[in-house]
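What follows is each chain in one-letter form.
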Amino acid sequence: MSSNGFAVPEGENKDLVFDFIRYFMTSDAFITYLHAVPFHFCPTNRDVLKTDEYEDNEIVSQHLDFRDMIYEEHSNFRTVPQYQNPPFVGWYEILATKQVASKAISNSIEGRRTPQQAVNTAIDELNGMIGEYRNS
């Protein structure tokens, strides 16, 4: 787990990148994205972790101790935290190999999807992957 940021490349689509980031980080889709694979991503604004919307998830609500640890150690996250019984297994591999967020950003800045469509597609893709993972 890490607290991630967005790289904004120089170029003609720079404004579209910022539009995507603004939409993604301020929309309801951001919480939905966080819920798609709970605890895979540490939001840059740690206060998101303590909102009712974030806690309204089966896995998050069952592991508030893990959420609290992330909240308290937020500024120290750079790699996967050590935790004896994490509420997830193997999700990092799914996320790292599929590059869902990278594809969403690319789809948006290249005009193939609006920011909202790109985020919704990423959420659907993550939900599908997690469903396949849980069934295997």
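None of the values given here were measured: they were computed from a predicted structure. (Residues numbered from 1 in each chain as written. Predicted model: local features only at pLDDT ≥ 70, side-chain atom pairs only at ≥ 80, totals over all residues. Heavy atoms only, no water.)

A.B. asks: Looking at this structure, I do not really get the nonpolar core. What am I missing?
C.D. replies: Considering soluble globular proteins, one finds that nonpolar side chains tend to be buried as a cluster. Judged by nonpolar contacts, the single largest core of 30 residues is most densely connected at F20, L34, F39 and Y54. Of all the secondary structure elements, the ones that give two or more residues to this core are α1 (14-26), α2 (28-36), α4 (58-62), α5 (64-72), α7 (100-109) and α8 (115-135). Those residues in contact with L34 that lie beyond four places of it in its chain are F39, H40, F41, P43, V48 and Y54. (Core = buried A, V, L, I, M, F, W, Y, C linked by side-chain atoms within 4.5 Å. Buried < 20%, exposed > 50% of the residue type's maximum accessible area, 1.4 Å probe, protein only. Helix = DSSP H or I, 4+ residues; strand = E, 2+ residues; numbered from the N terminus. Contact = heavy atoms within 4.5 Å.)

A.B. asks: Is there a simple way to think about the confidence of the model for the protein in this case?
C.D. replies: Caution applies to low-pLDDT regions: their predicted coordinates should not be interpreted in detail. For the protein, the mean per-residue pLDDT works out to 74, and 71% of the residues sit at or above 70. Within the protein, the element-level pLDDT minimum falls on helix α6 (residues 91-98), averaging 58, and the maximum on helix α3 (residues 52-55), averaging 93. (pLDDT = per-residue confidence, 0-100.)

A.B. asks: What should I look at first to understand the side chain of N57 in this one?
C.D. replies: By the element assignment, N57 lies in the loop between α3 and α4. Look past the residues within four positions of N57 in its chain and what remains in contact with it is H35 and P38.

A.B. asks: What is the right way to read α1 from this model?
C.D. replies: Turn by turn, an α-helix covers 3.6 residues, leaving residues three or four places apart pointing in a common direction. The terminal C-alpha atoms of α1, which comprises 13 residues, lie 19 Å apart, in line with the 18 Å expected from a rise of 1.5 Å per residue. Within α1 the residues assigned to the buried category are V17, F20, I21 and F24. For α1, the buried positions fall inside an angular range of 95° around the axis, keeping them on one side. Exposed side chains of α1 directed beyond 90 degrees from the buried face belong to D15 and T26. (Expected span 1.5 Å × (residues − 1). Arc of directions from axis to C-beta.)

A.B. asks: I'm lost on the side chain of R67 in this one. Help?
C.D. replies: Position of R67 among the secondary structure elements: in helix α5. Among the residues examined, R67 registers a relative accessible area of 5% and is labelled buried. Within polar-contact distance, the side chain of R67 engages the side chain of D68 at 2.7 Å. Beyond its immediate sequence surroundings of up to four residues, R67 is in contact with F39, L49, K50, Y54 and E55. (Polar contact = N/O pair within 3.5 Å; in protein donor to acceptor, adjacent residues only side chain to side chain.)

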